[in-house]
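Architecture and fold: a report
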Amino acid sequence: MAINKQHAIDPDKCTACTICITACPVTAATRKFRGPKMTGPALTRLRKLVSDDDPMLDYCSNCKTCDLVCPSGVPISTLNMMAKNEYYKTHPRKSKADDMLAHSEKMGKLITALPLGSTFANLGVSIGKAFNMMGAMGITKDAKMPSYASESFISKFKKIKQTSYPRKVVFFSGCYINYNQPEVGVDLVKVYQKNKIEVAIDENFVCCGSPMVSGGYIDDARVNAAKNTAILKAWVDKGYDIVTACTSCGLMLKQEYQELFDFAGMSEYAAHMYDSIEYLAKLNDEGSFNTDFTPINKKYIYHAPCHLKVQAIGRPSMELLPLIPGIKIEEADAGCCGISGSYGFKADKHEIAMKVGSKLFARIKDSGADLGVSECGTCRLQMENGSGVEAIHPLTVLRRAYGL
Amino acid sequence: MKKSDVLIIGNGISGLFAACIAADRGKKVQILSYGAGTLTIGGGIIDVLGYTDEGRPVTDPVQAMGQVNPTHPYAKVGSDTAKKALNTFLKITNEEGFPYIGSPNKNKWIPTAIGNFKPSCLVPRTMDSDVVFKTSNILVIGFDTMKDFYANMVTKNLKKRLDSDKSIKEFTVTLNFEYGKDLRDISAMDVARWLETEQGHVSFVEQVKPHIKKDTVIILPPVLGLDPNYKVLDSLEKDLSCSLVEVSSLPPAVTGTRLTKMLNSYAKKRGVQVIEKAHVVGAKVVNGKCKSVITEGFDRQREFYADQFILATGGIYGGGIIAKIGALTEPIFNIAIDVPKVQTEWSHKQLFADKKQIFAQYGVSVDENLIPLTAEGKQVASNVKVVGRSLAGYDFCYEKSGNGVALITAYKAAAAFCGEA
């Protein structure tokens, strides 16, 4: 029995049970949000009849906790995103920052292409904060913004000499790894090589579109989805599996594309898509995961990103990292961090984001852990910002344990 | 790690409790869950058996199990195991710092959101209703602008039910929440969040205190904190010098959320893994034994292996049973449930009939070991057990036995898989 994916966008599957309201982190943090049930399935039914006028939609962070807890499989957050995109067709934007935050790739490309671009950009962020230019744009002055790397991942990748192996994957690095934390991409290549996997990249990949959909730029996301779908399908046809090391990219490419768009080949390549750690956990299940670790005598606290939880793959990091001798690792299990990609950077959402994340921050601090661990780049940033404890990708932990 | 000793499908109260029992006995347990489980929005209390088939109130639920119909899940479990199950639940609540009160051998009468009383067995201390019957002054507290709780209706109905010599009054606490078109309606959860803050606590005490006489009990909606502990209750009882009793209430009920959090916390401490959003679409049964179950999402199918399987997917509402015109099926093992082809024969003409509803009793038939049976009476798979709302033979709504059947059958299944009778 297969799930009819096209049929997934059906508000009438909602029985109004209110489970999503009990779980929604934004609902808990502010009464300015009507809650997932109301803005999602309930109002979607009305939107079929009357024109939409619901500014509250802007408060949905697209964290997908509602989808996670819904027993009826209603794609509540996606209903919200579709409605939000409709809303902005006829309503002005609250903030000038929306465009920039939704098109982070544009910024990354621009900055890393310029000589010393990252230095000036990072400087620019601090000067901008000092003169409250960010505030004027609608970006909070209180959040720690992502900084830009001096060299992109794609550029670094080209300098890595790999051993060829029969098992091959194509790595969709995504904007955050490519422009902000290229080291995580390098970690992936090193760790995969240690596990006899050859990693390919494709310079034609574009931003997955996740920030565009959340920001209300679904038409731009559609253009990117068309490009990425064709490329991904072609790699799968060549016998490659696809891996991502950002859980939002992964979710977008394999699920949200299917919910939102209708391009040929999406379900075919989705069958071969894996989170980078999930892929290694698969090797572990098959008995071929390399556990040639040197001990790490440190204490870690792991935070599962919302966009990982909703992928139905469990906690692959909590399967693999405990295999490292000496490691102490526990799961935070303290809900959403609040950042939701770009949500927490917006001036009118920052306070909500910090309130959502407050349980996680307290949990990290109380744990006395040396380091935080999470698959999501902006979750890591928010964890550091809220708790003062550095956070790294699980691939980084594995690379260190391999002594690479 | 797609192989476990015991694989549980469903994370409602029966799935979580079965996981706790098996994990306590050293088994490697995984839960496949799709959605949060209707437990989250339920009343968070353990009804075991409130009324007999004839509608007579039950005093001792465990003893009354001896008289149930042979098709009832309790008839397959037996009262000794039932008692063990309920005592184990009490032990868990104790360990988690959110002890429930009550005894498997005695029903309590707890107030409802409309001011009636219903029988229940094990309840959190926030619903310790005995005091309502002993105290001479009852103060029903509502909150202005809060939905789904009407203090005046509760007061009116309580006056009908209780001795006329009691003083029953109502008082509405002003929340002073920002209110308007651009803000969400106020639910019990919002009020619970407010009472957890210092400001909310002080405001509540200041407003209510003048209305407390000697020998007063407060009845209020379930708003005494979102987490499984008694911090809010204890501090309010101390500052007001009286008892507070929450009513059982409508979704989203914070009482169910507390119970969910508690059971999850206990299970996770014992290494139970929960795979969320895992939609189980089928099972592989070879030579009369289940080898694995299959999940399917937006990407691909995945196979999860185990030695033993517990089916805790719930009823029609929770998605564990699928109803179509003239047919009812359990979708994972594809068990056809024997129902009349003519849909009108599924129910009594009066929805609120004073007897059990026919449709409510439909579910998966099992043998005395809770192993599912086909319509022809053959075992579906010898290493599968069915627990909770998926089971046939009872109407939890009529007899008030919902969470009781869930806990007791879950205990029996998990303990049997761990080698206990």
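In short, a report on the structure. As the structure is a computational prediction, the values presented were derived from the model and not from experiment.

All names here are of chain A. Reading across from one edge, β2-β1-β3-β4 is the order of the four strands in this open sheet, with parallel pairing throughout. A strand with exactly one partner marks an edge of an open sheet, and here the two such strands are β2 (198–200) and β4 (273–275). Here the strands of the sheet are splayed against their neighbours by 35° on average, with no regard to which way each runs. Across the sheet, helix α12 (residues 182–194) lies against β1 (168–172), β2 and β3 (241–244), angled at about 150° from β2, the strand it touches most. In this fold helix α17 (residues 276–286) packs onto β1, β3 and β4, with an angle of close to 95° to the strand it touches most, β4.

What follows is about a nonpolar patch on the surface. A cluster of nonpolar side chains, namely B:I114, B:Y150 and B:M153, defines an oily patch on the protein surface of about 270 Å² accessible area. Examined against the element boundaries, B:I114 turns out to sit in the loop between β4 (108–111) and β5 (117–120).

Here the focus is the interface of chain A and chain B. How big an interface is tends to be stated in terms of the accessible area lost upon association of its parts. Contact with chain A, which involves 45 residues of that partner, is made by 39 residues of chain B. Each partner contributes to the roughly 3,700 Å² buried at the junction of chain A and chain B, and carbon and sulfur atoms together form 52% of this total. For the pair chain A and chain B, the interface holds five salt bridges. Taking the shortest distance from any N to any O, the salt bridge between A:K254 and B:D299 comes out at 2.9 Å.

Residues and elements named next belong to chain A. The element helix α22 (residues 394–401) is largely enclosed, with a buried count of seven among its eight residues. Packed against the buried residues of α22 are α12, α17, β5 (299–302), α19 (316–320), β7 (371–373) and β8 (391–392). In the stretch just after α22, G403 is the one whose phi turns positive, near 70°.

Another point: the environment of A:S147. All names here are of chain A. Note on placement: S147 falls in the loop between α9 (133–137) and α10 (153–158). Judged by relative accessible area, S147 falls into the partly exposed class, the value being 42%. Between the C-alpha atoms of S147 and N122, which are 25 residues apart in sequence, the distance is 5.7 Å. With near-sequence residues (within four places) excluded, S147 lies in contact with N122, Y179 and N180.

Residues and elements named next belong to chain A. Here β3 shows two buried faces, one formed by D241 and V243 and the other by I242 and T244. Sheet topology note: the β1/β3 ladder contains four bridges and is parallel. Pairing of F172 across the sheet is with T244, part of β3. Pairing of β3 with β4 involves three bridges; the strand directions are parallel. Among the inter-strand pairings, T244 is bridged to a residue of β4, identified as D275.

Rules used throughout
Residues numbered from 1 in each chain as written. Chains lettered and ligands numbered in written order. Predicted model: local features only at pLDDT ≥ 70, side-chain atom pairs only at ≥ 80, totals over all residues. Heavy atoms only, no water. Pairing = 2+ DSSP bridges. Helix = DSSP H or I, 4+ residues; strand = E, 2+ residues; numbered from the N terminus. Axes fitted to C-alpha atoms, helices over the stretch in contact; angles between N-to-C directions. Contact = heavy atoms within 4.5 Å. Patch = residues over 30% accessible without salt bridge, like charges linked within 9 Å, V, L, I, M, F, W, Y side chains within 5 Å. Areas by Shrake-Rupley, 256 points an atom, 1.4 Å probe, with all protein chains shown as cover. Salt bridge = Lys/Arg side-chain N within 4 Å of Asp/Glu carboxyl O. Buried area = accessible area lost by both parts, 1.4 Å probe. Buried < 20%, exposed > 50% of the residue type's maximum accessible area, 1.4 Å probe, protein only.

Purely geometric numbers; function is a separate question.
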